[in-house]
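Summary of the model geometry
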Amino acid sequence: MANERLRALEDVEKEIAIILHCAGTIVMELSKDKHNASLIDRQLTQFTGSVNRVENELSSQIRYLTQVATGQPHEGSTYSARKDCQMALNRAEYTRMKLGELARTCEIMLDPQT
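Residues numbered from 1 in each chain as written. Predicted model: local features only at pLDDT ≥ 70, side-chain atom pairs only at ≥ 80, totals over all residues. Heavy atoms only, no water.

Let's talk about helix α1 (residues 2-31)
To keep it simple, the criterion reads: Helical segments are the DSSP runs of H or I of at least four residues, strand segments are the runs of E of at least two, and each set is numbered from the N terminus. In this analysis, the expected span of each helix is defined as 1.5 Å times one less than the number of residues it contains. The buried label goes to any residue with under 20% of its type's maximum accessible area, the exposed label to any with over 50%, and the partly exposed label to all in between, with areas taken from a 1.4 Å probe on protein chains only. A contact between two residues is defined here by any heavy atoms of the two lying within 4.5 Å.
Under the 1.5 Å per step criterion, the end-to-end length of α1 is 44 Å for 30 residues, consistent within 8% with the ideal 44 Å. Residues of α1 that are buried include every one of Arg5, Ala8, Val12, Glu15, Ile19, Cys22, Ile26 and Glu29, and no others. On its buried side, α1 packs onto α2 (37-70).

Set out below in structure tokens:
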């Protein structure tokens, strides 16, 4: 899971490099006296597609990190399950302790010697 997220971030980095390349090509082409409109259109289409992919992946990464930071259940995390288990163990220990106290009280009350 972590490796997939890292690979996705590496892909985002590559997309950003494509964005910068497209932007540079567009600026260079626009700086010419006579520019090639079809080249600009192709670069702009690639630029827009890359920006959308980067935005979508970064939004996905942010949603994942928000889940992790707030303790919500998420893929690859056992935190919530471990927390639930620990709370159940704490309740079981408390119940055992209270039953022990109740047993001692009952013994005292039922013991005819006192």
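Observations regarding α2
Helix length check: α2, at 34 residues, gives a terminal C-alpha distance of 49 Å against a target of 50 Å (1.5 Å per residue), a fit within 8%. Against α1 lie the buried residues of α2.

With respect to the environment of Ile19
You can see Ile19 is positioned in helix α1. Through-space distance from the C-alpha of Ile19 to that of Gly49 is 9.0 Å; in sequence the pair is 30 residues apart. Setting aside residues no more than four positions away along its own chain, Ile19 makes contact with Phe47, Ser50, Val51 and Val54.

Thoughts on the packing of α1 against α2
Each pair of packed helices gets described by two things: the angle between the helix axes and the distance between those axes. This is how it is decided: Helix axes are fitted only over the stretch in contact, all axes being lines through C-alpha atoms; the angle between N-to-C directions runs from 0 to 180 degrees. Between 65 and 115 degrees an angle is taken as roughly perpendicular, under 35 as roughly parallel, over 145 as roughly antiparallel, and anywhere else as oblique. Handedness of a helix crossing follows the sense of rotation of the near helix relative to the far helix, less than a right angle counterclockwise being left-handed and clockwise being right-handed. Three classes are used, and their members are as follows: Ala, Val, Leu, Ile, Met, Phe, Trp, Tyr, Cys and Pro are nonpolar, Asp, Glu, Lys and Arg are charged, and the others, Gly among them, are polar.
Taken N-terminus to C-terminus, the directions of α1 and α2 make an angle of 150 degrees; their axes are 8 Å apart at the nearest point. Taken together, the axes of α1 and α2 are roughly antiparallel relative to one another. Seen from above, α1 lies across α2 with left-handed handedness. Partitioned by chemical class, the residues of the contact of α1 with α2 number 18 nonpolar, seven polar and five charged.

With respect to the pattern of salt bridges
Pairs can form between side chains of opposite charge whenever their charged atoms are close. Here is the rule: Note on definitions: salt bridges are taken to be side-chain nitrogens of Lys or Arg within 4 Å of carboxyl oxygens of Asp or Glu.
Using the criterion set out here, one finds four salt bridges in the structure. One salt bridge in this structure joins Lys98 and Glu101, with 3.4 Å as the shortest N-O distance. With Lys98 and Glu101 both in helix α3 (residues 79-110) and three residues apart, the pair spans about one turn of that helix.

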